[in-house]
Amino acid sequence: MCDLSSYSVYCRYLRQLKDGTLTLDKGQTREYARYDGKYLIETSDDKLSAEYVALRYKQLVDIEDVFLGIKSNLEIKPMYYRTEDRICSHVKLCWLGMLLVRVIENETAKTC
């Protein structure tokens with residue numbers, strides 16, 4: 001239990017009985033299952049509608065998928081960013097990569 005309790009993902013679903021055995025906490029499993037497939041998105045611009053923010057967030061996944069495809073073709077290793085300017089640069093590069101792929105697809109009438 002000690003090893004598993006260090007991982008909050010696993011620990012929340014487990015329950016330790018008095019004899020020390022571990023069991024699956026079905027109540028917690030049902031509780032967390034209620035949130036499956038739901039998004040929690042936060043924005044600092046309160047003027048945007050929830051629909052607009054959700055749509056843009058889902059488009060970000062498409063952009064990152066395209067950029068991941070480009071990076072895998074070029075055999076570039078993944079990078080993890082912590083500073084705000086590097087994160088913004090990464091997002092812009094992903095967007096430019098998706099734009100480039102879309103332009104090529106439109107010009108050649110083929111999809112990647």
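Here the structure is shown first, and the text comes after it.
Because the structure is predicted, anything quoted here is derived from the model rather than measured.

### Quick notes on the overall build of the chain
If you tally the helices and strands in the chain, you get five helices and two strands. In sequence order, the chain lays out its α and β elements as α-α-β-β-α-α-α. Counting only residues that meet the buried cut, the chain has 11% of its 112 residues in that class. Across the chain, the fraction of contacts at a sequence separation of at least 24, relative to all contacts at a separation of at least 6, is 25%.

### As for the pattern of salt bridges
All told, the structure shown has two salt bridges when counted by the stated rule. Residues Glu31 and Arg34 are paired through a salt bridge, measuring 3.2 Å at the closest nitrogen-oxygen approach. The closest approach of N and O atoms between Glu105 and Arg102, which form a salt bridge, is 3.2 Å. One end of the pair is Glu105 and the other is Arg102, both in helix α5 (residues 84-108) and three residues apart, which spans about a single turn.

### Overview of the side chain of Asp25
Examined against the element boundaries, Asp25 turns out to sit in the loop between β2 (22-24) and α3 (26-33). Although Asp25 lies buried, it forms no salt bridge, and the closest oppositely charged side chain, Arg15, sits 4.8 Å away as judged by the N-O distance. Polar contacts involving the side chain of Asp25 include one to the main-chain amide nitrogen of Gly27, which spans 3.2 Å. Those residues in contact with Asp25 that lie beyond four places of it in its chain are Tyr13, Leu14 and Arg15.

### Side note on α5
End to end, α5 covers 36 Å across 25 residues, agreeing with the expected 36 Å (1.5 Å per residue, within 8%). When we look at burial in α5, the residues that qualify are His90, Cys94, Gly97, Met98, Val101 and Glu105. At the exit of α5 stands Ala109, carrying a positive phi of roughly 60°.

### Observations concerning a nonpolar patch on the surface
Nonpolar side chains collect at one region of the surface, where Leu93, Trp95, Leu96, Leu99 and Val103 lie side by side and expose about 460 Å² of accessible area between them. Along the chain, Leu93 falls in helix α5. Judged by relative accessible area, which is 47%, Leu93 ranks as partly exposed.

Cut-offs used in this document
- Residues numbered from 1 in each chain as written.
- Predicted model: local features only at pLDDT ≥ 70, side-chain atom pairs only at ≥ 80, totals over all residues.
- Heavy atoms only, no water.
- Helix = DSSP H or I, 4+ residues; strand = E, 2+ residues; numbered from the N terminus.
- Buried < 20%, exposed > 50% of the residue type's maximum accessible area, 1.4 Å probe, protein only.
- Contact = heavy atoms within 4.5 Å.
- Salt bridge = Lys/Arg side-chain N within 4 Å of Asp/Glu carboxyl O.
- Lys, Arg positive; Asp, Glu negative; His and termini not counted.
- Polar contact = N/O pair within 3.5 Å; in protein donor to acceptor, adjacent residues only side chain to side chain.
- Expected span 1.5 Å × (residues − 1).
- Patch = residues over 30% accessible without salt bridge, like charges linked within 9 Å, V, L, I, M, F, W, Y side chains within 5 Å.
- Areas by Shrake-Rupley, 256 points an atom, 1.4 Å probe, with all protein chains shown as cover.

By themselves, these are just geometric observations and shouldn't be taken as functional.
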